[in-house]
Amino acid sequence: PYTASLYNGLSRLFGMAFNIDYTLCIILMAALTCVYVVAGGYMATAINDFIQGLIMLGGIVVVVLAVLNENGGFMAAMDALARVEDASVTTTPGAFTSFFGPKPLELLGVVILTSLGTWGLPQMVQKFYAIKSGPAVKQGAIISTIFAFVVAGGSYFLGGFGRLYEGQIEYAANGTPIYDSIIPTMLSTLPDVLIGLVIVLVLSASMSTLSSLVLTSSSTLTIDFINGNIIKNMSEKKQLVWMRGLLVVFIAISALIALFQYHSSVVFIAQLMGYSWGALAGSFLGPFLWGLYSG
């Protein structure tokens, strides 16, 4: 479900910008990720994550400023947002411009899920395996915190202005808004250069997460399950072969899930993320914290 949500968001942006078919987008993304992860392994993933992280930091700042400028600047956008009315959500005037929004408890739930849930995601812990010294741990903590604040904060801030595009987004046949179309609609009016930047931004975020997920899955399955249980005394070379093979398998499975989700229209991105983050964090957060503080 996690990887399907990545493919889903990326394909919508590619479709908006280049009119590329969803299936073709998935195949290209999976193939590209497969090449650099299988060929380069952990170091290739780490280097790519560093470059992609820089793109995400700069990209989210530029996109937020561009969307605000498109709506006449910060104050004009806030004024327009204050005039939005939706009786199904709230009857309080100007509620959409308040700091915590019209439904603060629901917002708190999302914040907790996307903040604390990250601690329980195995691919996040895996990113720190390359640390060589003690001082680098502190540096990594500071850098990660700043990165999360800018990228996540920028995303929350940007999403709040989605209400300004209510009359432009796609709607299902029953009149229900297609929530996955909100961000592409917001970005569709931007200059071509900025749309290109957004595509690179989302592609970087998606490939970074996808590569980390499949790398963690394949190495865990090979080293902790297959080695010593199914195959006794696996050599390092044989472990590497198994991990590379499983990388291809997991990437292929991810692509198939994404295609199934698209053609069956099971759920939208936020639900997919909720399911996957909830399952992963619920499984790993407890053991992770216990391992950190039990000794």
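Residues numbered from 1 in each chain as written. Predicted model: local features only at pLDDT ≥ 70, side-chain atom pairs only at ≥ 80, totals over all residues. Heavy atoms only, no water.

## A look at the overall build of the chain
Next up, step 1: Helix and strand counts for the chain stand at 10 helices and 0 strands.
Next up, step 2: Each helix and strand of the chain, ordered N terminal to C terminal, gives the series α-α-α-α-α-α-α-α-α-α.
Next up, step 3: The globule rule puts the C-alpha radius of gyration for 295 residues at 19 Å, and the 21 Å found for the chain is close to it.
Next up, step 4: Projected onto its principal axes, the C-alpha positions of the chain cover 65 × 45 × 35 Å.
Next up, step 5: Classification of the 295 residues of the chain by burial places 34% in the buried group.
Next up, step 6: Taking all contacts inside the chain whose residues are at least 6 apart in sequence as the whole, residues at least 24 apart take part in 74%.
Next up, step 7: Accessible area for the chain stands at about 16600 Å²; split by element, carbon and sulfur atoms hold 70% of it.
Next up, step 8: The distance from the centre of the 11 positive side-chain charges to the centre of the 13 negative ones in the chain is 18 Å. (Helix = DSSP H or I, 4+ residues; strand = E, 2+ residues; numbered from the N terminus. Rg over C-alpha atoms; globule rule 2.2 N^0.38 Å. Buried < 20%, exposed > 50% of the residue type's maximum accessible area, 1.4 Å probe, protein only. Contact = heavy atoms within 4.5 Å. Areas by Shrake-Rupley, 256 points an atom, 1.4 Å probe, with all protein chains shown as cover. Lys, Arg positive; Asp, Glu negative; His and termini not counted. Charge placed at Lys NZ, Arg CZ, Asp CG, Glu CD.)

## As for the confidence of the model for the chain
Next up, step 1: Summing up the model confidence of the chain, the mean pLDDT is 79 and the portion of residues at 70 or higher is 93%.
Next up, step 2: The secondary-structure element of the chain with the lowest mean pLDDT is helix α1 (residues 2-18), recorded at 70, while helix α3 (residues 74-82) shows the highest, at 88. (pLDDT = per-residue confidence, 0-100.)

## As for the side chain of Thr222
Next up, step 1: Counting through the fold element by element, Thr222 comes out in helix α8 (residues 192-226).
Next up, step 2: Residues in contact with Thr222, not counting those within four places in the same chain, are Asn227, Met234, Gln239, Trp242, Met243 and Leu246.

## Side note on α8
Three or four residues apart is the spacing at which side chains of an α-helix point the same way, because the helix has 3.6 residues per turn.
Next up, step 1: Between its terminal C-alpha atoms α8 stretches 49 Å, which fits the 51 Å expected from 35 residues at 1.5 Å a residue.
Next up, step 2: Positive phi appears at Gly228, one or two residues downstream of α8, with a value of about 90°. (Expected span 1.5 Å × (residues − 1).)

## As for the pattern of salt bridges
Next up, step 1: By the definition in use, this model includes 2 salt bridges.
Next up, step 2: We note a salt bridge from Arg83 to Asp79, for which the minimum N-O separation is 3.0 Å.
Next up, step 3: Lys103 is paired through a salt bridge with Glu106; the nearest N and O atoms lie 3.9 Å apart.
Next up, step 4: We classify Glu106 as exposed; its relative accessible area is 54%. (Salt bridge = Lys/Arg side-chain N within 4 Å of Asp/Glu carboxyl O.)

## A look at the packing of aromatic side chains
Next up, step 1: Counted according to the given criterion, the structure contains 2 aromatic pairs.
Next up, step 2: On the basis of an interplanar angle of 15° and a centroid distance of 6.2 Å, the ring pair of Phe74 and Phe157 is categorised as stacked. Of this pair, Phe74 sits in helix α3 while Phe157 sits in helix α6 (residues 134-159); the two residues are 83 residues apart in sequence, bridging distant segments of the chain.
Next up, step 3: What makes Phe74 partly exposed here is its relative accessible area of 40%.
Next up, step 4: Taken together, a centroid distance of 5.2 Å and an interplanar angle of 70° make the contact between Phe157 and Phe161 edge-to-face.
Next up, step 5: Residue classification places Phe157 among the partly exposed positions, given a relative accessible area of 34%.
Next up, step 6: You can call Phe161 buried: its relative accessible area is 4%. (Phe/Tyr/Trp six-rings, centres within 6.5 Å; stacked < 30°, edge-to-face > 60°.)

## Observations concerning the nonpolar core
Next up, step 1: Counting 52 residues, the largest nonpolar core has Tyr7, Ile26, Val63, Val67 and Leu187 as the members making the most contacts within it.
Next up, step 2: Of all the elements in the fold, those that place two or more residues in this core are α1, α2 (22-70), α3, α6, α7 (182-188), α8 and α9 (236-264).
Next up, step 3: Setting aside its immediate chain neighbours within four residues, Val67 contacts Leu158, Tyr165, Met186, Leu187 and Leu190. (Core = buried A, V, L, I, M, F, W, Y, C linked by side-chain atoms within 4.5 Å.)

## Describing unusual backbone geometry
Next up, step 1: Although it is not a glycine, Asn233 sits at a positive phi angle of roughly 50°.
Next up, step 2: Position of Asn233 among the secondary structure elements: in the loop between α8 and α9.
Next up, step 3: For Asn233, a relative accessible area of 76% corresponds to the exposed category.

## Comments concerning the packing of α2 against α8
Each pair of packed helices gets described by two things: the angle between the helix axes and the distance between those axes.
Next up, step 1: In the contact formed by α2 and α8, the axes pass within 6 Å of each other and the chain directions differ by 140°. The orientation of α2 with respect to α8, classified from their angle, is oblique. Along this stretch, α2 crosses α8, giving a crossing that reads as left-handed.
Next up, step 2: Split into classes, the residues belonging to the contact of α2 with α8 amount to 20 nonpolar, 9 polar and 1 charged. (Axes fitted to C-alpha atoms, helices over the stretch in contact; angles between N-to-C directions. Parallel < 35°, antiparallel > 145°, perpendicular 65-115°, else oblique. Left-handed = near helix turned anticlockwise from the far one by under 90°. Nonpolar A, V, L, I, M, F, W, Y, C, P; charged D, E, K, R; others polar.)

## Some remarks on the packing of α2 against α6
Next up, step 1: Where α2 contacts α6, the axes come no closer than 10 Å and their chain directions differ by 30°. By the angle between their directions, the pair α2 and α6 is classed as roughly parallel. Crossing of α2 over α6 shows left-handed handedness. Touching Gly53, Met56, Leu57, Ile60, Val61, Val63, Val64, Val67 and Leu68 of α2 are Phe147, Val150, Val151, Gly154, Ser155, Phe157 and Leu158, all from α6.
Next up, step 2: Class assignment for the residues of the contact of α2 with α6 results in 13 nonpolar, 3 polar and no charged.

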